[in-house]
Amino acid sequence: MPHAPSRTGVLALAGLALAACGHPAAPTQADPGAVSDPHSRAQPTRTVVTHLGLDLKVDFATKVLTGTAELTVARKVPGAELVLDTDGLTIGATTVCGSGQKLTATLGARHPNLGAPLTIALPPDVTCVAIQYTTSPDAKALLWVEPAGTAGGAQPMMFTQSESILGRSWVPLQDSPGVRFTYDATVHVDPKFLAVMSSADNPRARSADGVYHFHQPHPIPSYLMALAVGDLAFRPIGERTGVYSEPGVVDAAAKEFAEVDAMMATAEKLYGPYRWGRYDMLVLPPSFPFGGMENPMLTFLTPTLITGDRALVSVIAHELAHSWAGNLVTNATWNDVWLNEGITTYVERRIMEALRGAAFADLLWHLGRQDLNEAVAQAGPGSPTTRLALTLGADDDSDGTPAAIAYEKGSLFMRTLEHRIGREVFDAFLKDRFDRFAFQSIGSRTFVDDTVTHLGNDAADRAALRAMLEAWVFQPGVPADATPDHSELADRVAAAARNFAATGAAFDAADWKTLEWVSFVRALPPSVTLDRLRAVDAQHHLTDTPNAEIAMYWLATLVAHDDRDAAPAVDRFLLRVGRLRMVREVYGAIAKRGGFWLDHGREVYKRAAPHYHPVTRAAIGALLAGGKAHGG
């Protein structure tokens, strides 16, 4: 790491006029929902949900969940109604918990993004509401995986994906990250299946009657509600860690993720105790749309992480890091998603630096900066979508901005702060921040004001610090004071790629693993000839690699060079991989190339779409129709 100067005097930045903007400090979770959430119709400043009791039956035949949600509420305004977010739910009887007294419930008009608000009139003394409901077979948060889409090929599987505002399609709740609640759940499934949730008491073996009970004692936001049901097995890794997956996958997953205990110990040393009890993981079928989802105590993961060389376990570090940045201290709305993802990505790379060394971490920073530069170039450096603090409204897709901004600009901001302030001071600040805001949801303004308060020395230093923070958080593009990335390993690999493209010179890849190959392929200049690409392939067999991280970049490169002989391999990849980030890279190359490839890609998509998660279908459908795809 570069030498980190002392705090005093290092923040004398240009643009001090920004410090004069007199923004008030934003309220925190002490007043739930006080930060207005454009992506929720709920009104938690009037009546807020504090506990959820679920009783659900999972029906694979009809592809629906049926049951009851009991919501314990706190009245903030005397006589206020309870307003919940729903989307596609069929609402049945709505009653007072335990008494059966009927309550008046009105389902409002459906908004394309937000769904339909459910307004329930509450008598003065009512503090718990029971809602009978059924989900839709095409609920956005639920993916019903047919047996052919699983590793075993014999049994189906169902899993949820609630982030960002999809939880309302399987539970009626206040679907905003600014509202936190505890939960208990009873789930009824066919006895041949195992059910698991985002809670600390997941079973290790099947229940004879197919009934499972779960308890989440910590207040969580709705997007962290998670459920999965299928033919699952468990393998312990450490005393607090383990992995679930299909029986044919679970041993390979446990071997791949064996470093998770060391990751936990490193994170705790840096940022304080892990407060969630257990940290288990669930490897899902290929249709899972993201690398990972940080559901408390049970991270959901893509099988594309199992490469055999543990090269992609930084994703595990990322999801574990969410146990501090995101799950513990949460963005108040999705306009502040960088507070979850940017800080988490920074923590992830600190964990990987401690475990794998500075060279590995520098390579991660380099690849991340590539992603950020590409995102800014595509959007335009002045685009509002390149700000950390977004200004999306109800009509805007809460997931519709470039993921690299939240993840990579956010983490680069954290790294730049660290280098300016000093690692020791910055680590202490983050650790203290996680303690002070534990189990709360905050916004970008609160972050800025809190950072100035705790890291500024005197009036001049605080003014300079505020100017820096304002520029990073509220202005578009990447500020000029960003810490540059430098990876000697990436430089060597890139030099080999350029030399090969220009001369065809051989290069030594004997010790290369996944990330080196990714760096090589991304560093190949557009001028490289198709004959030279085929020469690489003849020696290293990249077209047929089972490693999806390498394949996504390699196949996109072949498409860009119009290698129509690669079409079968492209088809196989798009039909077996459902992770949005990966298929988007290949479909993006197809859409850009146009002509034969666009026609071919649309045909492949028709075959692949039934196996994709709704999130992936929506994004790729828009891309092939001429739009853009962001996310996972």
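Since the model is a prediction, treat every value here as computed from it, not as a measurement.

### Section: the overall build of the protein chain
Secondary structure summary: the protein chain contains 17 helices and 20 strands in total. Relative to the globule expectation of 26 Å for 632 residues, the C-alpha radius of gyration of the protein chain, 24 Å, shows essentially globular dimensions. Projecting the C-alpha coordinates of the protein chain onto the three principal axes gives extents of approximately 80 × 65 × 50 Å. Intrachain contacts of the protein chain at a sequence separation of at least 6 include 72% that bridge at least 24 residues. Accessible area for the protein chain stands at about 22800 Å²; split by element, carbon and sulfur atoms hold 53% of it. If you average the places of the 56 positive and of the 69 negative side-chain charges in the protein chain, the two averages end up 2 Å apart.

### As for the pattern of salt bridges
Note that side chains of opposite charge can pair when their charged atoms are close. Throughout the structure, instances matching the rule amount to 32 salt bridges. Measuring nitrogen to oxygen at the nearest pair gives 3.1 Å for the salt bridge that ties arginine 423 to glutamate 353. Taken together, the positions of arginine 423 in helix 7 (residues 423–436) and glutamate 353 in helix 4 (residues 338–356) put the pair 70 residues apart, joining distant regions of the chain. Owing to a relative accessible area of 22%, arginine 423 belongs among the partly exposed residues under this scheme. Taken together, the salt bridges that share partners define one network made up of Arg445, Asp449, Arg466 and Glu470.

### Quick look at empty space enclosed by the protein
According to the stated counting rule, one finds 2 cavities of 30 Å³ or more in the structure shown. Taken as a whole, the second largest cavity encloses approximately 50 Å³ of empty space. In this structure, the second largest cavity is lined by Arg349, Trp365, Gly368, Arg369, Leu372, Glu408, Leu412, Arg415, Thr483, Pro484 and Asp485. Every element with two or more residues in the lining of the second largest cavity is listed here: helix 5 (358–379) and helix 6 (403–421). Sorting elements by how many residues they give to the lining of the second largest cavity places helix 5 first, with 4 residues. For the lining of the second largest cavity, a count of residues per class yields 4 nonpolar, 2 polar and 5 charged.

### Let's talk about helix 13 (residues 548–560)
An ideal rise of 1.5 Å per residue puts 18 Å on 13 residues; helix 13 measures up with 18 Å between its terminal C-alpha atoms. Taken as a whole, helix 13 has its buried residues at Ala548, Glu549, Ile550, Ala551, Met552, Tyr553, Trp554, Leu555, Ala556, Thr557, Leu558 and Val559. Those residues of helix 13 that are buried are in contact with helix 5, helix 11 (514–523), helix 12 (530–540), helix 14 (567–576), helix 15 (580–593) and helix 16 (595–608). Measuring from the backbone nitrogen of glutamate 549 back to the side-chain oxygen at the start of helix 13 gives 3.1 Å, which picks out asparagine 547 as the cap. One or two residues past the end of helix 13 sits aspartate 562, with phi positive at roughly 55 degrees.

### A look at the confidence of the model for the protein chain
Across the protein chain, the average pLDDT comes to 93, with 94% of residues at or above 70. Of the regions scoring below 50 in pLDDT, residues 1–30 engages in 73 contacts with residues more than four places distant in sequence or in other chains.

### Some details on the layout of surface pockets
Taken as a whole, the second largest pocket spans an internal volume of roughly 460 Å³. Grouping the constituent residues of the lining of the second largest pocket by class yields 14 nonpolar, 5 polar and 6 charged.

### Here we look at the environment of alanine 406
Note that alanine 406 resides in helix 6. Distance from alanine 406 to isoleucine 343, taken between C-alpha atoms, is 9.1 Å for residues 63 residues apart in sequence. Ignoring anything within four residues of it in the chain, the contact list for alanine 406 reads Val337, Trp338, Glu341, Gly342 and Ser411.

### Considerations on the side chain of asparagine 547
Within the element layout of this structure, asparagine 547 appears in the loop between helix 12 and helix 13. Within the structure, asparagine 547 has its side chain in polar contact with the side chain of threonine 514 (distance 2.9 Å). Once residues within four sequence positions are removed from consideration, asparagine 547 is found in contact with Thr307 and Thr514.

### A few points about the sheet that holds strand 6 (residues 116–120)
Consider a sheet: its strands pair through backbone hydrogen bonds, and that pairing is either parallel or antiparallel. Ordered by their spatial adjacency, 3 strands build an open sheet running 3-6-5, and the pairing between neighbours is antiparallel. Here the strands that pair on one side only, and so sit at the sheet edges, are strand 3 (82–86) and strand 5 (105–107). Looking at each pair of strands side by side, their axes are set apart by 20 degrees on average, direction ignored. Across 3 bridges, the pairing between strand 5 and strand 6 is antiparallel. In the sheet register, threonine 106 faces strand 6, and the bridge partner there is threonine 119.

### A short note on the state of the cysteines
For the coordinates displayed, the defined rule picks out 1 disulfide. Shown here is the disulfide that connects cysteine 97 with cysteine 128, its sulfur atoms set 2.1 Å apart. Judged by the sign of its S-S torsion, about -65 degrees, the bond between cysteine 97 and cysteine 128 is left-handed. Of the two residues, cysteine 97 is situated in the loop between strand 4 (90–96) and strand 5 and cysteine 128 in strand 7 (residues 128–134); the sequence distance between them amounts to 31 residues. We note that cysteine 97, like cysteine 128, is buried.

### Brief notes about helix 4
Note: α-helices contain 3.6 residues per turn, so residues at a spacing of three or four share the same orientation. Between its terminal C-alpha atoms helix 4 stretches 25 Å, which fits the 27 Å expected from 19 residues at 1.5 Å a residue. Counting buried residues in helix 4 gives 16 out of 19 residues, a clear majority hidden from the surface. Remark: glycine 357 follows helix 4 within two positions and exhibits a positive phi of approximately 100 degrees.

Here is what the cut-offs are and how they apply
Sequence order sets the numbering: in each chain, residues are counted from 1 along the sequence as written. Only residues with pLDDT of 70 or above have their local features reported here, since the model is predicted, and side-chain atom pairs are shown and tallied only from 80 upward, although totals for entire chains, interfaces and linings are computed over all residues. Only hydrogens and water are set aside when side-chain values are computed; all heavy atoms of the structure are taken into account. Think of it this way: any DSSP run of H or I at least four residues long counts as a helix, any run of E at least two long counts as a strand, and we number them from the N terminus. Within these notes, the globule rule equals 2.2 Å times the number of residues to the 0.38 power, and the radius of gyration is based on C-alpha atoms. Throughout, a contact is declared for two residues whenever any of their heavy atoms are within 4.5 Å. Accessible areas in this description were obtained via Shrake-Rupley with a 1.4 Å probe; residue shielding takes into account the shown protein chains only. Charge assignment: positive for Lys and Arg, negative for Asp and Glu; neither His nor the chain ends contribute. By convention, charge coordinates are those of NZ in Lys, CZ in Arg, CG in Asp, or CD in Glu. Salt-bridge detection follows one rule: a side-chain nitrogen of Lys or Arg within 4 Å of a carboxyl oxygen of Asp or Glu. Each residue gets one of three labels from its accessible area relative to the maximum for its type: buried under 20%, exposed over 50%, partly exposed in between, using a 1.4 Å probe on protein chains only. In this analysis the probe radius is 1.4 Å and the grid spacing 1 Å, with only protein atoms considered; a cavity is a set of points the probe fits into but cannot get out of, a pocket is an open set with protein on both sides within 12 Å along at least five of seven lines, and lining residues have an atom within 4 Å of a point. Grid points are joined across faces, edges and corners, and a volume is the space filled by probe spheres set on the points. When residues are grouped by polarity, Ala, Val, Leu, Ile, Met, Phe, Trp, Tyr, Cys and Pro land in nonpolar, Asp, Glu, Lys and Arg in charged, and all others, Gly among them, in polar. For a helix, the expected span equals 1.5 Å multiplied by the number of residues minus one. Under this definition, polar contacts are N or O atom pairs within 3.5 Å; protein pairs additionally need one hydrogen-donor-capable and one acceptor-capable atom, and for neighbouring residues in sequence, both atoms have to be side-chain atoms. For every residue, the pLDDT score states the predictor's confidence, bounded by 0 at the bottom and 100 at the top. DSSP bridges decide pairing: two strands pair if at least two such bridges lie between them. Between N-to-C directions, angles span 0 to 180 degrees; the directions come from axes that are lines fitted to C-alpha atoms, helices contributing only their stretch in contact. Note on terminology: disulfide denotes any pair of cysteine sulfur atoms within 2.5 Å.

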